[in-house]
Amino acid sequence: GIRQFTAVAMIFAATELLLKKKYVSTILIILLASTLHQSALLMIPIIFIIQGKAWNKKTLLCIAASIIVLLFVDQFTNVLDNLLSDTQYTNVVSDWEELNDNGTNPLRVLVYSIPTIFSIIGFKFIKKANDPVINLTVNAGIISTALYVISMGTSGVFMGRLPIYVSMYSMCILLPWEIKNIFTKRSASLIKILLLS
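The structure presented is a predicted model; accordingly, all values stated were derived computationally and were not measured. (Residues numbered from 1 in each chain as written. Predicted model: local features only at pLDDT ≥ 70, side-chain atom pairs only at ≥ 80, totals over all residues. Heavy atoms only, no water.)

## Here's the deal with the overall build of the chain
Here's step 1: When helices and strands are tallied, the chain shows 12 helices and 0 strands.
Here's step 2: For the chain, the sequential pattern of α-helices and β-strands runs α-α-α-α-α-α-α-α-α-α-α-α.
Here's step 3: Out of the 197 residues in the chain, the part that is buried amounts to 43%.
Here's step 4: In the chain, the proportion of contacts linking residues at least 24 apart, taken out of those at least 6 apart, comes to 72%. (Helix = DSSP H or I, 4+ residues; strand = E, 2+ residues; numbered from the N terminus. Buried < 20%, exposed > 50% of the residue type's maximum accessible area, 1.4 Å probe, protein only. Contact = heavy atoms within 4.5 Å.)

## A word on the pattern of salt bridges
Here's step 1: For the coordinates displayed, the defined rule picks out 1 salt bridge.
Here's step 2: Salt-bridge contacts for Lys20 lead to Glu16; the nearest nitrogen and oxygen are separated by 3.0 Å.
Here's step 3: Residue classification places Glu16 among the exposed positions, given a relative accessible area of 52%. (Salt bridge = Lys/Arg side-chain N within 4 Å of Asp/Glu carboxyl O.)

## Considering helix H8 (residues 106-121)
Here's step 1: The terminal C-alpha atoms of H8 lie 21 Å apart, and with 16 residues this matches the ideal 22 Å at 1.5 Å per residue to within 8%.
Here's step 2: Every buried residue of H8 is listed here: Val109, Ser113, Pro115, Thr116, Phe118 and Ser119.
Here's step 3: Lining the buried residues of H8 we find helix H9 (123-129), helix H10 (132-153), helix H11 (164-182) and helix H12 (185-196).
Here's step 4: Taking the backbone nitrogen of Leu107 as reference, a side-chain oxygen 2.7 Å away marks Asn105 as the first, capping residue of H8. (Expected span 1.5 Å × (residues − 1). Polar contact = N/O pair within 3.5 Å; in protein donor to acceptor, adjacent residues only side chain to side chain.)

## Focus: a nonpolar patch on the surface
Here's step 1: Taken together, the side chains of Val24, Leu28, Leu31 and Leu41 define a hydrophobic patch exposed on the protein surface, amounting to about 370 Å² of accessible area.
Here's step 2: Following the sequence through the fold, Leu28 ends up in helix H3 (residues 23-34). (Patch = residues over 30% accessible without salt bridge, like charges linked within 9 Å, V, L, I, M, F, W, Y side chains within 5 Å. Areas by Shrake-Rupley, 256 points an atom, 1.4 Å probe, with all protein chains shown as cover.)

## Focus on the packing of helix H1 (residues 2-13) against H11
Here's step 1: Running from N to C, H1 and H11 cross one another at 60°; their axes reach a closest spacing of 9 Å. Considering their axes alone, H1 and H11 lie oblique with respect to each other. In the crossing of H1 with H11, the sense of the turn from one axis to the other is right-handed. Listed contacts from H11 to Gln4, Phe5, Ala7, Val8, Ile11 and Phe12 of H1 are Ile164, Tyr165, Met168, Tyr169, Cys172 and Ile173. (Axes fitted to C-alpha atoms, helices over the stretch in contact; angles between N-to-C directions. Parallel < 35°, antiparallel > 145°, perpendicular 65-115°, else oblique. Left-handed = near helix turned anticlockwise from the far one by under 90°.)

## Focus on H11
Here's step 1: Its maximal kink placed at Leu174, H11 deviates by approximately 40°, while the proline Pro176 follows within four residues.
Here's step 2: The complete set of buried residues in H11 reads Tyr165, Val166, Ser167, Met168, Tyr169, Ser170, Leu174, Leu175, Trp177, Glu178, Ile179 and Ile182. (Bend = angle between axes of the 7 residues up to and from the residue.)

## Side note on the nonpolar core
Here's step 1: Ranked by internal contacts, the top residues of the largest apolar core, which has 20 residues, are Ile11, Met43, Ile50, Ile143, Tyr165, Val166 and Tyr169.
Here's step 2: Every element with two or more residues in this core is listed here: H1, H3, helix H4 (43-49), H10 and H11.
Here's step 3: Setting aside chain neighbours within four positions, we find Ile50 in contact with Leu18, Asn135, Leu136, Asn139, Ala140 and Ile143.
Here's step 4: Trp55, Ile134, Val138 and Leu175 belong to the second-largest nonpolar core, a separate cluster that totals 15 residues. (Core = buried A, V, L, I, M, F, W, Y, C linked by side-chain atoms within 4.5 Å.)

## Quick look at the side chain of Thr145
Here's step 1: One can find Thr145 in helix H10.
Here's step 2: In this structure Thr145 touches Tyr112, Ser113 and Thr116, once residues within four positions along its chain are discounted.

## Concerning the environment of Phe5
Here's step 1: The residue Phe5 is located in helix H1 in this model.
Here's step 2: The sequence separation of Phe5 and Ile164 amounts to 159 residues, and the corresponding C-alpha distance is 8.1 Å.
Here's step 3: Here Phe5 is in contact with Ile164 and Met168, once residues within four sequence places are set aside.

## Description of unusual backbone geometry
One can expect most non-glycine residues to show negative phi and most peptide bonds to be in trans.
Here's step 1: For Lys21, which is not glycine, the phi torsion reads 60° and is therefore positive.
Here's step 2: Looking at the element boundaries, Lys21 is found in the loop between helix H2 (15-19) and H3.
Here's step 3: Taking the relative accessible area as the measure of exposure, Lys21 reaches 49% and is therefore partly exposed.
Here's step 4: Residue Asn130 is not a glycine yet carries a positive backbone phi of 45°.
Here's step 5: Within the secondary structure layout, Asn130 lies in the loop between H9 and H10.

Spelled out as structure tokens, the structure:
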């Protein structure tokens with residue numbers, strides 16, 4: 001856990017490079033982070049997917065892909081087992097099946113999906129702001145939600161740990177922005193109280 005979160009923090013620290021579309025520098029940081037935890041390599045395709053306007057075609061495609069994975073979860077686990085066969089995660093699929101890992105708790109998925117849900121509710125505010133940081137964090141939130149949905153139907157131990165790479169953007173940057181910019185002051189106060197409860 002500590003190794004993975006250190007890798008997450010390294011990649012999160014490269015957010016400015018990502019916003020400036022300095023992909024080579026960002027990928028080098030991801031590769032360095034992957035020496036601590038190989039799951040960091042997942043961020044290489046993600047840094048391209050989360051670029052652009054909020055709720056773009058790439059992120060919608062990710063939502064569709066996560067639904068397809070859930071519908072064909074057995075085939076997905078077979079493909080995943082083959083892909084991971086020569087990595088440090090060689091037995092991950094058989095391990096989660098042996099441990100009867102029944103996936104991430106749906107309540108956890110709901111909690112981490114709140115920024116994405118708010119981005120649907122406040123889409124007109126996000127579109128009007130057209131802020132590159134907010135667009136990136138909305139798209140990161142969508143990817144986080146998609147990964148959590150997949151982990152709900154597969155493994156909470158393995159798949160449930162992957163969204164942390166992108167949920168940092170939605171929980172630490174997007175959610176406070178949404179509360180401040182989408183809701184009235186009274187509603188924002190109520191939401192803050194509910195989130196702290």
